[in-house]
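Residues per chain, in single letters:
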Amino acid sequence: MIRFFIGADPDLDSCAVAMIERVNDEPVFHGSNIFRAKPRASRAFYGGSEIAVEAMIDALPWSGAEVIQNETIAVVEGQVHYPLGKATANPNDLIRLAAVSGALQVLLNTISLRTYRVLPRDWKGQQKKPINQRRTYERLGWKVKKEFKSHVVPELPEGHAAALWRSPDWKHLGDALGIALWAFDQQMQIERLNSPTAIV
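Going along each chain's sequence as written, the residues are numbered from 1 onward. Side-chain atom pairs in this predicted model are given and counted only at pLDDT of 80 or more, local residue features only at pLDDT of at least 70, and totals for whole chains, interfaces and linings cover all residues. Side-chain metrics in this entry use all non-hydrogen atoms of the structure; hydrogen atoms and water are not considered.

S.K.: I keep staring at the sheet that holds strand β4 (residues 72-77) and nothing clicks. Help me out?
M.R.: Hydrogen bonding along the main chain pairs the strands of a sheet, whether they run parallel or antiparallel. Between any two strands, at least two bridges found by DSSP are needed for them to pair. Helix and strand definitions follow DSSP, with helices as H or I runs of at least four residues and strands as E runs of at least two, each counted in order from the N terminus. In spatial order, the strands read β3-β2-β1-β4-β5; together these five strands make up an open sheet with mixed pairing. The open sheet has two edge strands with one neighbour each: β3 (26-36) and β5 (114-118). With strand direction ignored, the average angle separating the axes of adjacent strands in the sheet is 20 degrees. Across seven bridges, the pairing between strand β1 (residues 4-10) and strand β2 (residues 14-23) is antiparallel. Following the sheet pairing, F5 is matched in β2 by I20. Contacts: residue pairs with any heavy atoms within 4.5 Å of one another. Here, axes are lines fitted to C-alpha atoms. For helices the fit covers the stretch in contact, and angles between N-to-C directions go from 0 to 180 degrees. Sitting on the sheet, helix α3 (residues 91-110) touches β1, β2, β4 and β5, and the angle it makes with β5 is about 160 degrees.

Below is the structure:
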């Protein structure tokens, strides 16, 4: 049985990772972490640095004894270039970011985790980030503390494992959680259909 679902949302300056645990067939927050490029590292350096990508593995929210490899699925967000006129990102940044997410996917596979890549349109459709993040938090039983145009900050009790993150961190942490939930939903749907096919 697949028990853990990992979502990773890489960026050129950081990589947010979140984990959902399956408890009685319901999604429960398990952990989160952020790898940040060193201040001296430029965006270009981070985008092509194997050392930086390898360091993301150390930032993953688990210990080796905690996650059983054949009970875990990891999903990394991929990139897409929109037609001229709709694109908001620099194409060169997208190329570097694609290299980072691809390297992360390969590295996760090397530690025997089933790892997949998903495009934003496939895991969240056409939903705006604040709407999707708000719905993600609602599913986890979290209330909204503050909403911005770029992200939503959840209201968490003092001492909660994710309460240490700053407001800007949730721009990517919220998406990493959403990706992990998407993986959970895909797996549950497969099991309901009694299909042995893994998520793709």
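S.K.: Honestly, the pattern of salt bridges in this entry has me stumped. Any pointers?
M.R.: When the charged atoms of two side chains with opposite charge come close together, those side chains can pair. Salt bridge criterion: a side-chain nitrogen from Lys or Arg within 4 Å of a carboxyl oxygen from Asp or Glu. This model, assessed by the stated rule, comprises eight salt bridges. A salt bridge links K124 to D175, with the nearest nitrogen and oxygen atoms 4.0 Å apart. Within this pair, whereas K124 is found in helix α4 (residues 120-124), its partner D175 is found in helix α6 (residues 170-192), the two being separated by 51 residues in sequence. For the pair K124 and D175, a shared accessibility class is recorded, and that class is buried. Here the residues in one salt-bridge network are R22, D25 and E191, joined through shared partners. For every residue, the accessible area (1.4 Å probe, protein chains only) is compared with the maximum for its type, and the residue is labelled buried under 20%, exposed over 50%, or partly exposed between those bounds.

S.K.: What is the right way to read the pairing of β1 from this model?
M.R.: Burial analysis of β1 places seven of its seven residues in the buried class, the great majority of the element. Residues F4, I6, A8 and P10 line one face of β1 and the alternating positions F5, G7 and D9 line the opposite face, and both faces are buried. Taking the residues that link successive antiparallel strands as the turn, the β1-β2 hairpin has three residues.

S.K.: Looking at this model, I keep getting lost on the packing of helix α5 (residues 129-139) against α6. Mind explaining?
M.R.: Axis angle and axis distance: for two packed helices, these are the angle between their axes and the distance between the axes, and together they describe the pair. One way to put it is that α5 packs onto α6 with a least axis distance of 9 Å and a crossing angle of 60 degrees. The orientation of α5 relative to α6 falls into the category oblique. Remark: the crossing between α5 and α6 carries left-handed chirality. Contact residues: K129, Q133, T136, Y137 and R139 in α5; W170, K171, G174, D175, L177, G178, L181, F184 and D185 in α6. Across the contact of α5 with α6, the residue classes tally to five nonpolar, four polar and five charged. Geometric relationships in this document are graded by angle, where less than 35 degrees denotes roughly parallel, more than 145 denotes roughly antiparallel, 65 to 115 denotes roughly perpendicular, and other angles denote oblique. Here is the rule for handedness: rotate from the far helix to the near one, and if that takes an anticlockwise turn smaller than a right angle the crossing is left-handed, while a clockwise turn gives right-handed. Amino acids outside the nonpolar list (Ala, Val, Leu, Ile, Met, Phe, Trp, Tyr, Cys, Pro) and the charged list (Asp, Glu, Lys, Arg) are all regarded as polar, and Gly is one of them.

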